[in-house]
Structure formats: structure tokens, C-alpha cells
Amino acid sequence: MELRQLEHFVAVAEEQHFTRAAERLAVSQSGLSASVRALEHELRTPLFSRTTRTVRLTEAGAALLVEAERTLAGARAARDAVDAVRGLLRGTLTLGVEQCVAGVSTARLLAAFHREHPHMEIRLRQEGTSSLLEGVAGGRLDLAFAATVSPPEWRGELVPLAREPMVVLCAPGHRLAQEGARPAWGELRGESFIDFHPDWGPRRAADEAFTAAGARRTVALEVNDVHSLLELVHEGLGIAVVPHHFSRKPEARGLVAVEPAGAHRPVYESVVVLPPAQAMSPGAKALMALVREAPVR
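It should be emphasised that the depicted structure is a prediction, and the values quoted were computed from it without experimental measurement. Along every chain, residues carry numbers that run from 1 in the direction the sequence is written. Per-residue local features are limited, in this predicted model, to residues with pLDDT of at least 70; the limit for side-chain atom pairs, both in listing and counting, is 80 or more; totals at the level of whole chains, interfaces and linings are taken over all residues. Excluded from the side-chain calculations are hydrogens and water; all other atoms, namely the structure's heavy atoms, are used.

A word on helix H7 (residues 201-212). The end-to-end C-alpha separation of H7 is 17 Å, in line with the 16 Å expected for twelve residues at 1.5 Å each. Listed in full, the buried residues belonging to H7 are Gly201, Pro202, Arg203, Arg204, Ala205, Ala206, Ala209 and Phe210. A positive backbone phi angle near 70 degrees is found at Gly214, which sits one or two residues after H7. Runs of E in the DSSP output that reach at least two residues are strands. Runs of H or I that reach at least four are helices, and both are numbered from the N terminus. By this rule the span expected of a helix is its residue count minus one, scaled by 1.5 Å. For the exposure calls, accessible area comes from a 1.4 Å probe over protein chains only, and a residue counts as buried if that area is under 20% of its type's maximum, exposed if over 50%, partly exposed in between.

Below, the structure written as C-alpha cells:
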């Protein structure tokens with residue numbers, strides 16, 4: 001079994017398509033297919049269930065994917081460590097980020113990193129918090145900027161970036177927009193809510209707030225991006241429970257931010273998710289050195 005074969009296998013598993021995987025790796029499709037078949041022959045079991053339209057992992061393939069990602073991550077870390085000793089920082093830095101994470105400017109951070117380490121390839125993936133945790137744990141990501149991670153979910157290191165209250169955003173004509181309104185969480189149960197999918201950090205924080213208050217709510221409109229959420233609120237199609245910094249975005253101009261009353265004050269916390277210290281790549285260590293500098297915060 002060769003690292004090249006594992007790279008081919010992982011690419012097909014992630015793309016769920018041989019042609020796209022071949023394009024991504026800049027290899028011929030026939031060569032990629034032959035590499036995967038050789039791996040299946042060596043392991044004596046099919047790794048993919050193939051049809052004319054889909055490519056899906058078999059049970060054996062799903063088991064191999066976890067170990068293949070760890071193996072490839074270990075190989076990258078080994079190469080990067082040798083380069084670091086030689087005074088070079090080469091290889092690939094793969095990081096994940098939750099949408100609109102607070103406490104750091106991702107674009108400014110990556111620009112600073114590229115200026116200092118021009119030979120490092122940067123790969124960025126935007127995903128929900130649960131996927132980011134899985135990515136760091138499996139070695140698919142060197143580190144991640146996530147939100148509202150509780151200690152039981154993660155055994156590695158969590159570096160706090162920012163904490164802020166959760167607020168309710170509504171259109172100016174909504175009943176909650178009247179001056180001085182501070183409803184309890186339970187008083188919002190009859191409202192129509194606009195929110196992210198359950199894996200996103202703001203949704204997790206909002207769900208925890210209503211659970212703590214013993215109140216149920218119905219999310220009528222689910223979105224995957226902040227701009228769509230703000231547009232829907234502007235049109236009066238519902239209200240949204242979001243981190244306070246969302247209310248300061250240009251697209252939120254004209255909306256009203258209301259902080260609910262009650263003893264429980266939910267917060268949105270942004271953190272850096274790191275693997276155990278011994279598993280941190282040189283690229284991740286270099287990026288963290290920049291994270292601690294004021295200009296990128």
C-alpha cells in the first residue's frame with residue numbers, strides 16, 4: 001500500500017466522483033481508477049459502490065477513510081517537520097473556519113501568513129462546527145476556527161478568541177422592535193424563526209438558549225449563509241437569534257437588535273480548535289503565532 005494510492009482513494013471519497021477526483025489531483029482518470037482497483041485488490045474488498053451516476057463508500061471504504069486521512073496527515077507532518085528543521089516552511093496548511101467567526105479576520109490572517117511563508121500552500125474549508133471538529137480529529141484539517149465548542153466534545157486544545165451575547169434581530173415593524181422591549185426567551189416561542197442549519201455555531205448557541213429556558217421553537221427557514229438570513233429578516237419573514245456582531249454588519253443596517261431578558265444570558269464563543277500539541281504541524285504553529293498578534297484580531 002502506497003501513500004499515492006491512499007491520496008487517490010481519499011480524493012475519490014471526498015469528491016464522490018472519479019472524474020472530479022482525477023481533475024483535482026491532475027492525473028488521468030484511467031490511472032486513478034487503476035490505482036483504486038489495485039488498492040481494492042490488495043485489501044481484498046470493494047472500497048466503493050459504483051453506479052453510472054454515483055460513487056459511494058462501502059462499509060470497508062468508510063473504515064479505511066478514517067485511517068487513510070490520519071496516515072496522510074502523519075506523512076505531511078513528517079515532511080513538514082524535516083523542512084522546519086532545515087529552516088524552511090513548505091507543504092500545505094489546511095484550515096477550516098465557521099462562517100463569520102468572531103475574534104479574528106480570516107482574510108487578514110491568511111494574507112499575513114502567505115507573506116511570511118510564501119512556499120506554503122494554503123487550503124481553506126468553510127464548514128459547520130461538528131464537521132470542523134471531525135476534520136481536526138481525523139487529521140484532515142491542521143486546525144480550525146469554530147464556535148461554541150463544549151469541552152466534552154474536544155480532547156485537544158481550545159484557544160478562546162471572542163465571547164459575545166446572543167441577540168434577537170427583527171425588522172423595524174416587528175412587535176419586538178418597540179423601544180425598551182426585552183422579552184423572555186419563553187415569550188418568543190410563537191415566533192417564526194430564521195436560522196442556520198443545526199451544525200453551525202450560531203444555531204447551536206440559539207438552540208442551547210431555548211433549551212435552558214425550557215422553551216420550544218420552530219425554525220421555519222434554514223439557510224447556509226449570513227447574507228440570506230439578514231435578507232429574510234429584512235423582509236419580515238421571521239426573526240433570528242444571532243451573535244451580536246451580526247447586527248453590526250452593513251447588510252443588517254435598519255434591523256433592530258433586542259437582548260432578551262432572563263437569568264440565562266447565552267453567549268457565542270469563537271475558539272481555535274487545535275490537535276494535541278505533539279500532533280500540531282509546523283504550519284499550524286506558525287499560524288497560531290500570527291493569531292496571537294493584534295493586527296489580525
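With that out of the way, let us pick up the confidence of the model for the protein. Of the residues in the protein, 94% reach a pLDDT of 70 or more, and the chain-wide mean stands at 86. Each residue carries a pLDDT score, the predictor's confidence in it, ranging from 0 to 100. By mean pLDDT, the top-scoring element of the protein is helix H8 (residues 226-234) (94), and the lowest-scoring one is helix H4 (residues 59-85) (83).

Right, let's talk about the packing of helix H1 (residues 3-15) against helix H3 (residues 29-43) for a bit. Direction vectors running N to C along H1 and H3 enclose 105 degrees, while the axes themselves pass 9 Å from each other. The orientation of H1 with respect to H3, classified from their angle, is roughly perpendicular. Across the interface between the two elements, Arg4, Gln5, Leu6, His8, Phe9 and Val12 from H1 touch Leu32, Ser35, Val36, Ala38, Leu39 and Glu42 from H3. Axes here mean lines fitted to C-alpha atoms, for a helix over just the part in contact, with angles spanning 0 to 180 degrees between N-to-C directions. Working definition: roughly parallel below 35 degrees, roughly antiparallel above 145 degrees, roughly perpendicular at 65 to 115 degrees, and oblique for all remaining angles. It only takes one pair of heavy atoms within 4.5 Å for two residues to be counted as in contact.

Attention now goes to the pattern of salt bridges. Close approach of charged atoms allows side chains of opposite charge to pair. A side-chain nitrogen of Lys or Arg and a carboxyl oxygen of Asp or Glu constitute a salt bridge if their distance falls within 4 Å. Evaluated as defined, the whole model comprises 15 salt bridges. Measuring nitrogen to oxygen at the nearest pair gives 3.1 Å for the salt bridge that ties Glu127 to Arg140. Of this pair, Glu127 sits in the loop between strand S4 (120-126) and helix H6 (129-137) while Arg140 sits in the loop between H6 and strand S5 (143-147), placing them 13 residues apart in sequence. Asp207 serves as the salt-bridge partner of Arg217, at 2.9 Å between the closest nitrogen and oxygen. Taken together, the positions of Arg217 in the loop between H7 and strand S8 (218-223) and Asp207 in helix H7 put the pair ten residues apart, joining distant regions of the chain. According to the relative accessible area criterion, Arg217 is buried, its value standing at 16%. When salt bridges that share partners are traced, they join Glu14, Glu15, Arg20, Arg24 and Arg125 into one network.

Next up on the list: the nonpolar core. We call a set of buried Ala, Val, Leu, Ile, Met, Phe, Trp, Tyr and Cys residues a nonpolar core when their side-chain atoms join them within 4.5 Å. Leu143, Phe145, Val272, Leu287 and Met288 are the most contacted members of the largest nonpolar core, which has 23 residues in total. Those elements giving two or more residues to this core turn out to be strand S3 (91-97), helix H5 (106-116), S5, strand S6 (157-170), strand S11 (267-274) and helix H9 (282-291). Looking at this core, the element that brings in the most residues is H9, giving six residues. Every residue in contact with Met288, bar those within four places of it in the chain, is listed here: Leu143, Val159, Val272, Leu274 and Met280. Among the nonpolar cores identified, the runner-up in size contains 20 residues, and Trp185, Ala206, Phe210 and Val219 belong to it.

A separate point is the side chain of Ser35. Tracing the backbone through its elements, the reader meets Ser35 in helix H3. Ser35 has contacts with Arg4, Gln5 and His8, leaving out every residue within four places of it along the chain.

Right, let's talk about the packing of aromatic side chains for a bit. Note on ring pairs: Phe, Tyr and Trp rings are taken, using the six-membered ring of Trp, and paired if centres are within 6.5 Å. Classes follow the plane angle, with under 30 degrees stacked, over 60 edge-to-face and the rest tilted. This model, assessed by the stated rule, comprises five aromatic pairs. Between the aromatic rings of Phe9 and Phe48, the centroid separation amounts to 5.4 Å while the plane-to-plane angle is 45 degrees, which identifies the pairing as tilted. With Phe9 in helix H1 and Phe48 in strand S1 (residues 48-50), this pair connects stretches of sequence that are 39 residues apart. Residue classification places Phe9 among the buried positions, given a relative accessible area of 0%. Measuring from centroid to centroid gives 5.4 Å for Phe193 and Phe210, while their planes differ by 80 degrees, and the two rings are edge-to-face. One end of the pair, Phe193, is in strand S7 (residues 192-196); the other, Phe210, is in helix H7, with 17 residues separating them in the sequence. Judged by relative accessible area, Phe210 falls into the buried class, the value being 2%.

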